[in-house]
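# Coordinate analysis (summary)
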Amino acid sequence: MEPTTLAFKDQAHAALEDPVLQAALGRIKTGWVANRARAAETLPEFEALRDQGRDIKNHSLAHLDLYLGAFETKVVAAGGTVHWARDAAEARAVVLELCQAAEARSVTKSKSMVTEEIGLTAFLESHDLNPIETDLGEYILQISGQPPSHIVGPVVHMSQDEISDLFERHHGGPRIADAGGLVAEARRILRGRYLAADVGITGANFLIAETGSAITVTNEGNAELTQGLPRTHIVVATLEKIVPTMEDAFTLLRLLARSATGQEFSTYTTVMTGPRRPGDLDGPEHFHVVLLDNGRTQMLGNELRDMLRCIRCGACMNHCPVYLATGGHAYGWVYPGPMGSVLTPQLIGIEKGWPLPNASTFCGRCEEVCPVRIPLPRLMRHWREEQFGRGLAPPAARWGLATWAWLARHPLYYRVVARLAATGLRLLARDGRVRRAPLAGGWTATRDLPAPQGGTFMSQWRARGRR
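Being a predicted model, the structure only gives us computed values, none of them experimental. Along each chain, the written sequence defines residue order, and numbers are assigned to residues from 1. For this predicted model, a pLDDT threshold of at least 70 governs which residues receive local features, and a threshold of 80 or more governs which side-chain atom pairs are given and counted, while totals over whole chains, interfaces and linings are taken from all residues. Note: side-chain values were computed over all heavy atoms of the structure, leaving out hydrogens and water.

### A few points about the pattern of salt bridges
- Basic side-chain nitrogens of Lys or Arg form a salt bridge, by our definition, when they fall within 4 Å of a carboxyl oxygen of Asp or Glu. According to the stated counting rule, one finds 21 salt bridges in the structure shown.
- Here Arg54 and Asp51 are joined by a salt bridge, their closest N and O atoms 3.4 Å apart. Taken together, the positions of Arg54 and Asp51, both in helix H3 (residues 46-62) and three residues apart, correspond to about one turn of that helix.
- Note on exposure labels: buried denotes an accessible area under 20% of the residue type's maximum, exposed denotes more than 50%, and partly exposed covers the range between, all computed with a 1.4 Å probe on protein chains only. Under the relative-accessibility criterion, Arg54 is labelled partly exposed at 25%.
- Exposure remark for Asp51: the relative accessible area of 28% places this residue in the partly exposed category.
- In this structure, the salt-bridge partner of Arg390 is Glu351, at a minimum N-O distance of 2.6 Å. Placement of the pair is Arg390 in the loop between helix H19 (376-389) and helix H20 (395-408) and Glu351 in helix H17 (residues 350-353), with a sequence separation of 39 residues.
- Residue classification places Arg390 among the partly exposed positions, given a relative accessible area of 45%.
- Looking at Glu351, the relative accessible area reads 44%, which means it is partly exposed. Per the convention used, a helix needs a DSSP run of H or I reaching at least four residues, while a strand needs a run of E reaching at least two, with both numbered from the N terminus.

In structure tokens:
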């Protein structure tokens, strides 16, 4: 996926004018957001679980080399193979080689953000393979030629009518209008592909060091058919998915579903350990795990280390006022929302991703709901400082910050300017609200600015005897 992150502002404006998208984003608030709140309220130990989840991930990251080595040992002992990939190109090459070794003609894929990150589907298609996405949302996107707009609900931006029209164009037959019928139609198309697949590719929500297992979480069962039916199963996962024990994984699983969709547990949680053993009735003959770095070890040693705790629940974007106004496609790459605003500049470079850390009001909701307490506003602030230091911010922003910095170092002038600004805003106000103000068009274009009341903060502070 070619990044369009530099066009975030234009893409956001287009999203705000899209009524179908705005209606879809509104359903996140009444659906996942409300469900997450209920799930947290009905679990007394939820906040303690968040602390445990944070500590498990921090411990795993502090001993990443130890646990990755233990994981590989257990995978090999179970009859599988681990492949190490430094970047996206190496990961794609490994997967292609494994598919060719299996003489694959057909490949099934379950939902995986890391395969989106490395552009795996398009790469396999360019090498005469025929991968098909089996997650319903990802399948819809594949036939529509769109990227995901959400890391949990990839097709959340589309309406049911749009999907009905899409299925009618691609599948033929009568137009299907109801949701159950659309699901049945997708099942009809995909079931034969499951049975014909030579290779199945999945991601992993967690990798377990003590057993060499990979865990997938779905609500459809597509990952189970993807890994259980083909002769070869390939897991593609990034290094930070490792946790020490199965108990640790299930602690995090208790947080994952509640934070993502408000469920106590996802419908399907599957533990995969190696290839089929003698006596097993099903399962792959060959089991491979591709462990991808792609910038993670660099993050391990810099200011972004906390981002590696992310368990990909999507709660940060579900509660983000910017995401809920623009949707995921406006962000212009694989990872949207606050987590994408931190991760994308690391993975594609701040030169290409600098607008995204600015796509935040810094209200703090993302950190407030993160199940592993990632300080997302602080990490976005790091990127803002980085872009300013490199001169990537627009000239108006740089001059504005330079002016503010000068005034902040000269309190007398700061107070004079503050008094003038407060007086000017009061003169512009009507009924206590400013509907249009110089240098504030980005705010007043969509909402009124409350007029200052009673002078500046400093004048009120002095008037109240510094109380």
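And the narrative resumes.
### Quick notes on the pairing of strand E10 (residues 286-292)
- Where burial is concerned, most of E10 is hidden: six out of the seven residues are buried.
- Any two strands with at least two DSSP-identified bridges between them are counted as paired. With five bridges connecting them, strand E1 (residues 81-85) and E10 associate as parallel partners. By the bridge assignment for E10, Ala85 is matched with Leu292.
- As paired elements, strand E7 (residues 232-238) and E10 share seven bridges and run parallel to each other. The partner of Ala237 across the bridge, within E10, is Leu291.

### Observations regarding helix H8 (residues 136-144)
- Listing the buried residues of H8 in full gives Gly137, Glu138, Tyr139, Ile140, Leu141 and Ile143.
- Where H8 is buried, its residues meet helix H6 (113-117), strand E3 (130-133), helix H9 (160-171) and helix H10 (179-196).
- N or O atoms within 3.5 Å of each other form a polar contact, as long as, within protein, one can give a hydrogen and the other can take it, and as long as residues adjacent in sequence are counted only when both atoms are side-chain atoms. By the N-cap criterion, in which a side-chain oxygen at the helix start approaches the backbone nitrogen of a residue two or three places on, H8 is capped by Asp135, the distance to Gly137 being 3.0 Å.
- Of the residues one or two after H8, Gly145 is the one with positive phi, at around 75°. In what follows, a contact means two residues having at least one pair of non-hydrogen atoms within 4.5 Å.

### Some thoughts on H10
- In this analysis, the expected span of each helix is defined as 1.5 Å times one less than the number of residues it contains. With 18 residues, H10 should cover 26 Å at 1.5 Å per step; its first-to-last C-alpha distance of 26 Å lies within 8% of that length.
- Residue Leu190 marks the point of greatest curvature in H10, where the axis turns by about 30°.
- Along H10, the positions that sit buried rather than exposed are Gly181, Leu182, Glu185, Ala186, Leu190 and Tyr194.
- Where the residues of H10 are buried, they touch strand E2 (106-109), E3, H8, H9 and helix H11 (222-228). One axis fitted to the seven residues ending at a residue, another fitted to the seven starting there: the angle between these axes is the bend at that residue.

### Section: the packing of H8 against H9
- As a rule, the C-alpha atoms of each element are fitted with a line to give its axis, helices using only the stretch in contact, and angles between N-to-C directions run from 0 to 180 degrees. It is the contact of H8 with H9, at a shortest axis distance of 11 Å, that shows an interaxial angle of 60°. Comparing their axes, H9 and H8 come out oblique. The handedness of the crossing between H8 and H9 comes out as left-handed. Facing Leu136, Tyr139, Ile140, Ile143 and Ser144 of H8, the residues of H9 in contact are Ile163, Leu166, Phe167, His170 and His171.
- The residue inventory of the contact of H8 with H9, partitioned by class, reads seven nonpolar, three polar and no charged. In these notes the angle categories are as follows: under 35 degrees is roughly parallel, over 145 is roughly antiparallel, 65 to 115 is roughly perpendicular, and the rest is oblique. By definition, any crossing whose near helix is turned counterclockwise from its far helix by less than a right angle is left-handed, and any crossing with a clockwise turn is right-handed. We call Asp, Glu, Lys and Arg charged. Ala, Val, Leu, Ile, Met, Phe, Trp, Tyr, Cys and Pro are nonpolar, and the rest, Gly among them, are polar.

### Digging into the sheet that holds strand E4 (residues 199-202)
- What the six strands build is an open sheet, ordered E1-E10-E7-E4-E2-E3; its pairing is parallel. Where the open sheet ends on each side, the last strands, each with one partner, are E1 and E3. Strand-to-strand twist across the sheet, computed as the mean angle between neighbouring axes with direction ignored, equals 20°.
- Alignment of E2 against E4, held across three bridges, turns out to be parallel. Across the sheet, the residue bridging to Lys109 is Ile201, located in E4.

Geometric values such as these leave the question of function open.
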